[in-house]
Each structure stands twice: as C-alpha cells, then as structure tokens.
Amino acid sequence: MPTPSPSPITSSEAIDAVCTAHGLSVAEFHALRARATEAKTRAYCPYSNFRVGAALLARAGEGEGESGGRYVLGANVENASYPVTTCAERVALGTAVVEGLHSGNGRGFRAIAVSTDAEGPASPCGMCRQFIREFCELSMPILMFDKNDTFIVMTLGELLPLSFGPDNMGVKDPAKP
Ligand SMILES: [Zn+2]
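Residues numbered from 1 in each chain as written. Predicted model: local features only at pLDDT ≥ 70, side-chain atom pairs only at ≥ 80, totals over all residues.

- The protein carries the name Cytidine deaminase in an unreviewed UniProt entry, which gives Corynascus novoguineensis as its organism.
- The UniProt entry for the protein carries this comment under Function (unreviewed entry): "This enzyme scavenges exogenous and endogenous cytidine and 2'-deoxycytidine for UMP synthesis."
- Taken directly from UniProt, the Cofactor (unreviewed entry) text for the protein runs: "Zn(2+)". (UniProt positions renumbered as here; feature names shortened; annotations may be inferred.)

As structure tokens, this is what we get:
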C-alpha cells in the first residue's frame, strides 16, 4: 500500500474521514493527539533528544458506556546502554496490559497515537509494530503526528503485512475477545 500523504490537523474533512473509517469520534481523535503530545513531554531521551509520546485508547469496560474508554500513555525511556532503550509504544502497551486492559480481560484497544518532533509523521519502529501485533487487531488504526501538526493514519495490518502472531504459535490471540 502506498504511504498516504500527511494531512493538516486543521482539515476537518481529513479528520472526519479517519474517524468514519476507524470508528472513532472526533473528540477521541483530538484526545489521542493531545495525550500523545503530552506524553512526549515525559520522554527520557538524553542520548537521542528524540522525544516520542504515545497514547493508547482502551475499550470501555462493561457498564462504562461508550465514553468510558481509558487512555494509557507512554514515552520513550532511554538507557546509557543504548539497546536497553524502550519505545513509547511499548511503554504504553506494557502499562495497559499490567492494568488489565487487554482483550483477555474483556477490554482491548481501539487506537494508538504516536507524536514526535520529526518533520513529517514518524511511524512505530519494526519492534514496536510486532509488539502492538501481540495485543491489537490488524484493523486497529495507528495515528501518527509530527511537529508541524500534520498526521497520517494507517492500520496495523498496513504497517505490518503478513504478520506473525499468537495464532501462528497456536496460542489464543489476546487481540481477539
Ligand atoms: Zn519502537
């Protein structure tokens, strides 16, 4: 699939199209963006100085109503031993799993947003795509925001085609209720 061109955050048509395609409200779109951007300020990145924030939207729990979704934040946490660094997306997902928000507990995730200071929206690294694949459906949207208030939205399946997941190992897919 060709990479879509970034859309400006001021384009209500582009935002409406994303929300319609992925079952999000406009308020949820803006909340994902605001929270990912806020999470970026918590990055610990003295080595790269490349801040990344992530916001994960968990499904509402039983009896919580449509607006009961939880947002879980993550930021990149670097280490003097560089490979030990953890990306924002994995921090958010790990936190959410520990909080019991994955599908195995009747929740699961509806979207993840990533915000950076890059020129043009940056996508999750390969390791994070695989990590997201463990807990999220291939149809889940990944919202990517840059420093110039433009964005691109692609699904996990588009970013990680022919993916390898729990089902390949004969394990029940945590992304499926
Ligand atoms: Zn990553």
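1. A look at the environment of Gly 120
Then comes step 1: Among the structural elements, Gly 120 can be located in the loop between strand S4 (109–116) and helix H4 (126–135).
Then comes step 2: C-beta crowding within 10 Å serves as the criterion here: with 13 such atoms nearby, Gly 120 is assigned to the partly exposed category.
Then comes step 3: Each C-alpha atom of the pair Gly 120 and Pro 174 lies 32 Å from the other, and the pair is 54 residues apart in sequence.
Then comes step 4: Non-local contacts of Gly 120, meaning those with residues more than four positions away in its chain, are made with Pro 6 and Asp 146. (Helix = DSSP H or I, 4+ residues; strand = E, 2+ residues; numbered from the N terminus. Buried ≥ 20, exposed ≤ 12 C-beta atoms within 10 Å, placed from the backbone. Contact = placed C-beta atoms within 7 Å.)

2. Looking at the environment of Ala 122
Then comes step 1: Looking at the element boundaries, Ala 122 is found in the loop between S4 and H4.
Then comes step 2: Taking the C-alpha atoms as reference points, Ala 122 and Ala 31, 91 residues apart in sequence, are found 19 Å from one another.

3. Here we look at the sheet that holds strand S3 (residues 70–75)
Then comes step 1: Taken in spatial order, the six strands make up an open sheet running S1-S6-S5-S4-S2-S3, and their pairing is mixed. In this open sheet, the two edge strands, each paired with only one partner strand, are strand S1 (7–8) and S3.
Then comes step 2: Inspection of the sheet shows strand S2 (residues 52–58) paired to S3 by six bridges, in the antiparallel sense. Counted as the bridge partner of Ala 54 is Gly 74 from S3. (Pairing = 2+ DSSP bridges.)

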